[in-house]
Every structure is written in C-alpha cells, then in structure tokens.
Amino acid sequence: MVHEYLKNQIHDEINGAINYLEKAIEYKNKSKEIASKFFRMIEMEIEHANCLTNMFNSVDKPADVTDASFSEMQKSVINDYVTSMGKIESMKKLYWSK
C-alpha cells in the first residue's frame, strides 16, 4: 500500500534530518565546512519529508483499508511530522547559537 510506504519514508527522512542536525552541531566548532554540508543535507531531508507528506495527503484511501486503520496511519504521520519538526527547529536554534 502506497500510504504505508510513504509513512515509512516520511519517518526515515525526518530521522535523517535529525541525525544530520546532530552531526552539524557536533562539527560546528570542529569544521565549519563539514557542519555546513550536514546542514544543507538537513534542508534536503526536510524537503523530502514535506514532498512525501504532500503525496501522502493527496492519495485517496484505498478501498481495502478500514477507516480506523487509515485514520491511525494519518495520525501517525501527523504526530511524527509535528513532533519531529518542532525538535528540528529547536535543534536548529542550538546550531545557530553555537
């Protein structure tokens, strides 16, 4: 099912952004060049997560999926997205304050 695939990819992209952001923060004072590259990768991961989320929202619920199951999947995507993007924004502030 495409929604399950998209949900998993959104999760992967968000986790990738968080991992890269941790590395950007780690390297900020060691190597500005490496930190900067990690930060650019964060932006790419976020762009991918946004694109995948838009795709998830644009595809109709398959007929063979229950409303309850689909609702849980939507909640999972929204919760992961909102929670993680808040964390990413807080981490970006930490990155820029160092």
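These lines cover the structure that appears in this document, whether it is placed above or below.

Rules used in this analysis
- Residue positions within a chain follow its written sequence, with the count starting from 1.
- Side-chain atom pairs in this predicted model are given and counted only at pLDDT of 80 or more, local residue features only at pLDDT of at least 70, and totals for whole chains, interfaces and linings cover all residues.
- Processing note: side-chain calculations cover all non-hydrogen atoms of the structure and skip hydrogens and water entirely.
- Aromatic pairing here means that ring centres of Phe, Tyr or Trp (its six-membered ring) are within 6.5 Å. Orientation follows from the plane angle: under 30 degrees is stacked, over 60 is edge-to-face, and everything else is tilted.
- Starting at the N terminus, helices and strands are each numbered in turn, a helix being any DSSP run of H or I of at least four residues and a strand any DSSP run of E of at least two.
- Relative accessibility under 20% of the residue-type maximum defines a buried residue, over 50% an exposed one, and the middle range a partly exposed one, all with a 1.4 Å probe and only protein chains included.
- Orientation is described by axes fitted as lines to C-alpha atoms, over the contacting stretch for helices, and by angles from 0 to 180 degrees between their N-to-C directions.
- Roughly parallel refers to an angle under 35 degrees, roughly antiparallel to one over 145, roughly perpendicular to one between 65 and 115, and oblique to any angle outside these ranges.
- Handedness of a crossing follows from how the near helix is turned relative to the far one, being left-handed for an anticlockwise turn of less than a right angle and right-handed for a clockwise one.
- Residues count as neighbours in contact if any of their non-hydrogen atoms are within 4.5 Å of one another.
- In this classification, the charged set is Asp, Glu, Lys and Arg, the nonpolar set is Ala, Val, Leu, Ile, Met, Phe, Trp, Tyr, Cys and Pro, and all remaining amino acids, among them Gly, are polar.
- We define a salt bridge as a contact between a side-chain nitrogen of Lys or Arg and a carboxyl oxygen of Asp or Glu at a distance within 4 Å.

A closer look at the packing of aromatic side chains
Summed over the entire model, instances satisfying the criterion amount to 6 aromatic pairs. Taking 6.1 Å as the distance between ring centres and 35° as the angle between the ring planes, the aromatic pair formed by Tyr27 and Phe38 counts as tilted. Separated by 11 residues along the polypeptide, Tyr27 in helix α1 (residues 2-27) and Phe38 in helix α2 (residues 32-58) bring together distant segments of the chain. Residue Tyr27 is classed as partly exposed on the basis of its relative accessible area of 25%. Using a relative accessible area of 18% as the deciding quantity, one classes Phe38 as buried. When the ring of Phe39 is compared with that of Trp96, the centres are 5.2 Å apart and the planes differ by 70°; the resulting orientation is edge-to-face. You can see Phe39 sitting in helix α2 and its partner Trp96 sitting in helix α3 (residues 67-97), a full 57 residues away along the chain. For Phe39, a relative accessible area of 12% corresponds to the buried category.

Observations regarding the packing of α2 against α3
Two quantities define a packed helix pair, namely the angle between the axes and the distance from one axis to the other. Running from N to C, α2 and α3 point in directions that differ by 160°, and their axes come no closer than 12 Å. In terms of orientation, α2 and α3 fall into the roughly antiparallel class. Read as a crossing pair, α2 and α3 show a hand that is left-handed. Taken together, the residues of α3 that come into contact with α2 (itself represented by Ala35, Ser36, Phe39, Ile42, Glu43, Ile46, Ala49, Asn50, Thr53 and Phe56) are Met73, Gln74, Val77, Tyr81, Met85, Ile88, Lys92, Tyr95 and Trp96. Within the contact of α2 with α3, the residues separate by chemical class into 13 nonpolar, 4 polar and 2 charged.

Digging into the pattern of salt bridges
Under the definition given, this model contains 8 salt bridges. The partner of Lys23 in a salt bridge is Glu26, and the shortest N-O contact between them spans 3.2 Å. Of the two residues, Lys23 and Glu26 are both situated in helix α1; the distance of 3 residues between them amounts to about one turn of the helix. On the basis of relative accessibility, which here comes to 36%, the residue Lys23 falls in the partly exposed class. Here Lys30 makes a salt bridge to Glu26, at a shortest N to O gap of 3.5 Å. On the basis of relative accessible area, Lys30 is assigned to the exposed category, the value being 59%.

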